[in-house]
Amino acid sequence: MERPSHDEYFMSMAELVSQRSTCVRRRVGAVIVKDKHILSTGYNGSPKGTSHCEDLGCIREQMHIPSGTRHELCRGVHAEQNAVAQAAYFGVSVKDATLYTTTFPCSMCTKILINSGIIEVVYKTGYADDLSKELLSETKIKVRGFPEETK
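Remember, it's a predicted structure, so these values are computed and weren't measured experimentally.

Cut-offs used in this document
- Residues numbered from 1 in each chain as written.
- Predicted model: local features only at pLDDT ≥ 70, side-chain atom pairs only at ≥ 80, totals over all residues.
- Heavy atoms only, no water.
- Helix = DSSP H or I, 4+ residues; strand = E, 2+ residues; numbered from the N terminus.
- Rg over C-alpha atoms; globule rule 2.2 N^0.38 Å.
- Buried < 20%, exposed > 50% of the residue type's maximum accessible area, 1.4 Å probe, protein only.
- Contact = heavy atoms within 4.5 Å.
- Areas by Shrake-Rupley, 256 points an atom, 1.4 Å probe, with all protein chains shown as cover.
- Lys, Arg positive; Asp, Glu negative; His and termini not counted.
- Charge placed at Lys NZ, Arg CZ, Asp CG, Glu CD.
- Axes fitted to C-alpha atoms, helices over the stretch in contact; angles between N-to-C directions.
- Parallel < 35°, antiparallel > 145°, perpendicular 65-115°, else oblique.
- Left-handed = near helix turned anticlockwise from the far one by under 90°.
- Nonpolar A, V, L, I, M, F, W, Y, C, P; charged D, E, K, R; others polar.
- Phe/Tyr/Trp six-rings, centres within 6.5 Å; stacked < 30°, edge-to-face > 60°.

Scanning the chain from N- to C-terminus turns up six helices and five strands. In the chain, the order of α-helices and β-strands from amino to carboxyl end is α-β-β-α-α-α-β-α-β-α-β. Its C-alpha radius of gyration of 15 Å places the chain within 12% of the 15 Å reference for a compact globule of 151 residues. Per-residue burial for the chain yields a buried fraction of 42% across its 151 residues. In the chain, the share of contacts with a sequence separation of at least 24, taken over all contacts with a separation of at least 6, comes to 56%. Of the roughly 8700 Å² of accessible surface on the chain, a fraction of 53% belongs to carbon and sulfur atoms. Taken together, the 19 basic and 18 acidic charged side chains of the chain have centroids lying 4 Å from each other.

Right, here's the structure in full:
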């Protein structure tokens, strides 16, 4: 059995984390890593102690809101947001860390990642959010697809 690369290992962890998602539209997982150690994880779902979309239904679906738009009309917290929030909750800095995510971050998550000090984003699948790509292009954050040919 061949040993996985660090990218393969951390992306498979993000995929595992995504299985905890309570979103009915898209399961996303995120893992924040620094110096080859996991600092935090997150998946998309409703805030702690609130009802889940899988129980109530999806507001965005009910309103026919297309993917990549009107992010504020969702009761869920995105995986990337949850990973940064969990790190903060436990007093763990994510400055100079890498984020592995199963889906390219939206513009809301991107703004949080920029301000939290993340220096690299590794994503598995794309996402239709031009503002996110524009914001990232204005920073020094390294962005790459996984595997490399998914760019």
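Moving on, there is more to tell.
Before going further, it helps to examine the packing of helix H4 (residues 79-89) against helix H5 (residues 107-116). One way to put it is that H4 packs onto H5 with a least axis distance of 9 Å and a crossing angle of 30 degrees. One element, H4, and the other, H5, form an angle in the roughly parallel class. Here H4 runs over H5; the crossing is left-handed. The segment H4 lies against H5, with Glu 80, Gln 81 and Val 84 engaging Met 108, Cys 109, Ile 112, Leu 113 and Ser 116. In terms of residue class, the contact of H4 with H5 is made up of five nonpolar, two polar and one charged.

This part is about the packing of aromatic side chains. On inspection of all chains with the given rule, the structure shows four aromatic pairs. Geometrically, the ring pair formed by Phe 10 and Tyr 100 is tilted, given 5.4 Å between the ring centres and 40 degrees between the ring planes. With Phe 10 in helix H1 (residues 6-18) and Tyr 100 in strand E3 (residues 98-103), this pair connects stretches of sequence that are 90 residues apart. There is no split in this pair, since Phe 10 and Tyr 100 are both buried.

Without other data, these values stay purely geometric and don't point to any function.
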